Amino acid sequence: MKIFTTEIIKQDDRAVIQAIFGRDKNIEWVVFGSRPVVDSNSVLTELDYIGNPDGTIRWLYPTRSRRPLFLSTYTSPSKKAAFYRKGIQIIFRLGLARVARSGRMFIQHTPEANIADLPIKVSMSNYAVFTGTVGPNRKAVIALADRERVVEFAKVAVGPQASLHMKYEIHAQKKVATMKLESWRVPSGCSISAETTLQENIAPPTTQISSKLSHLHLSAIKEMTLATLSYEQSARNSFLTRVQDRLRAIERGPSLAGMPRLVEQLQSLFQEASAMKRLPICYSHGDFTPWNLFPSKTRLRAYDWELAGYRPALFDCIHFVFQNAVLVDRLSYAEIRSKIEMVFQYE
């Protein structure tokens, strides 16, 4: 297999592309100046990509795509993201998709070549790829569409930890589904191989992404809490054990060097929690954030269950507020604390 690109592709991105299009193949990377010419036994598929500010690839999709399917993986609730989504939709509707791309690549492959472990031909145009976040848990997300909408998402493991996380996610989704909770909607999914899973798209086509912790969010958390609540001795709680291990790592490492006051406060909070005789524990999503959630009128549709597990009650509430306040709204400490205190006023 040969891949021709308009510029040199970074090694991290090469790993993603190989995982999707040629995991078990030797790939020859070629920087080209004009459209490559291939022999009669090969097929040439043209792909466009859109880059991140650092030059890495964010999305990858067939050049002949008429719809920006990759936007189904862009779920940030910020105003900037909403403006970008609208702009991209207009550009594609006007037939000006080339304006959005950062570069192109051609994949020379055999006619029967598939995407990842899926029964989908490389040359088809009804898919788009989000290349994932760089790191040991990196995975690509492939949006798979019919003529009208994205119907499924395939996850393809790239980093060494990704396969384990993806396998656990399928287990967690099945666990929540058996709870028969009225306020939750969880995607059904399955493992295609050790490196690939497939999940249904449960996002409503017209739902707006919201950063607000609404009554529906809180009702869903309350329902799961009541369904799974138990009390454990603090000394035996696995969550506190993990927190303690991380605190020790912080003390030994350079990440918070120069901030001794913060380390002292973290230790004080840990001691306070450890002093409790019994700790209320319940099942939680683990990454309960606006970009993983789609609220409808009566149910909360939730993706990305890789970090699900038993944690102290209200973990998901605090995580939602904190992540959104820091990563989207860029709030001050005082503003974040005020929002968290409001959570505890909910009954």
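Conventions adopted
Residues numbered from 1 in each chain as written. Predicted model: local features only at pLDDT ≥ 70, side-chain atom pairs only at ≥ 80, totals over all residues. Heavy atoms only, no water. Helix = DSSP H or I, 4+ residues; strand = E, 2+ residues; numbered from the N terminus. Rg over C-alpha atoms; globule rule 2.2 N^0.38 Å. Buried < 20%, exposed > 50% of the residue type's maximum accessible area, 1.4 Å probe, protein only. Pairing = 2+ DSSP bridges. Axes fitted to C-alpha atoms, helices over the stretch in contact; angles between N-to-C directions. Core = buried A, V, L, I, M, F, W, Y, C linked by side-chain atoms within 4.5 Å. Lys, Arg positive; Asp, Glu negative; His and termini not counted. Salt bridge = Lys/Arg side-chain N within 4 Å of Asp/Glu carboxyl O. Contact = heavy atoms within 4.5 Å. Polar contact = N/O pair within 3.5 Å; in protein donor to acceptor, adjacent residues only side chain to side chain.

(A) Spotlight on the overall build of the protein chain. When helices and strands are tallied, the protein chain shows eight helices and 16 strands. For the protein chain, the C-alpha radius of gyration of 22 Å lies close to 20 Å, the compact-globule estimate for 347 residues. Projected onto its principal axes, the C-alpha positions of the protein chain cover 75 × 45 × 35 Å. Buried residues in the protein chain amount to 44% of all 347 residues.

(B) Focus on unusual backbone geometry. Even without being glycine, L314 reaches a positive phi, approximately 75°. Take L314: it is sitting in the loop between β16 (309-312) and α7 (315-329).

(C) Representation of the sheet that holds strand β6 (residues 127-130) within the structure. Strand order across the open sheet formed by ten strands is β2-β1-β5-β3-β4-β6-β7-β8-β11-β10, with mixed pairing between neighbours. Looking at which strands have only one partner, the edges of the open sheet turn out to be β2 (28-31) and β10 (189-191). Adjacent strand axes in the sheet meet at a mean angle of 20°, parallel and antiparallel pairs treated alike. Here β10 runs beside strand β11 (residues 196-200); their pairing, made up of three bridges, is antiparallel.

(D) Fine view of the nonpolar core. Core analysis: the biggest nonpolar cluster contains 28 residues, and F21, M105, I115 and I142 have the highest contact counts within it. By size, the runner-up hydrophobic cluster in this structure holds 25 residues, among which are I221, L293, A325 and V343.

(E) View of the pairing of strand β7 (residues 139-145). Burial of β7 is extensive: seven of the seven residues sit out of reach of the surface. Residues K139, V141, A143 and A145 point to one face of β7 and A140, I142 and L144 to the other, with burial holding for every one of them. Here β6 pairs with β7 via four bridges, running antiparallel. Its bridge partner lying in β7, V129 is registered against I142. Looking at chain direction, β7 and strand β8 (residues 150-157) are connected through seven bridges and run antiparallel.

(F) Structural detail: the sheet that holds strand β14 (residues 293-295). Taken in spatial order, the three strands of this open sheet run β9-β15-β14, and their pairing is mixed. The open sheet has two edge strands with one neighbour each: β9 (184-185) and β14. Judged from the two bridges that link them, β9 and strand β15 (residues 300-302) form a sheet pairing that is parallel. Bridge pairing in β15 places R185 opposite R301.

(G) Summary view of the side chain of R85. For R85, the position within the fold is in helix α2 (residues 79-93). Of the side chains with opposite charge, D329 comes closest to the buried, unpaired R85, at an N-O distance of 12 Å. With near-sequence residues (within four places) excluded, R85 lies in contact with L71, Y74, T75, S76 and I209.

(H) Local environment of the side chain of E169. By the secondary structure assignment, E169 is in helix α3 (residues 162-179). Side chain to side chain, E169 and K155 meet in a polar contact 3.0 Å long. In this structure the side chain of E169 is engaged in a polar contact, spanning 3.0 Å, whose partner is the side chain of Q199. For E169, the residues in contact, after removing those within four places along its chain, are K155, Q199, D304, W305 and E306.

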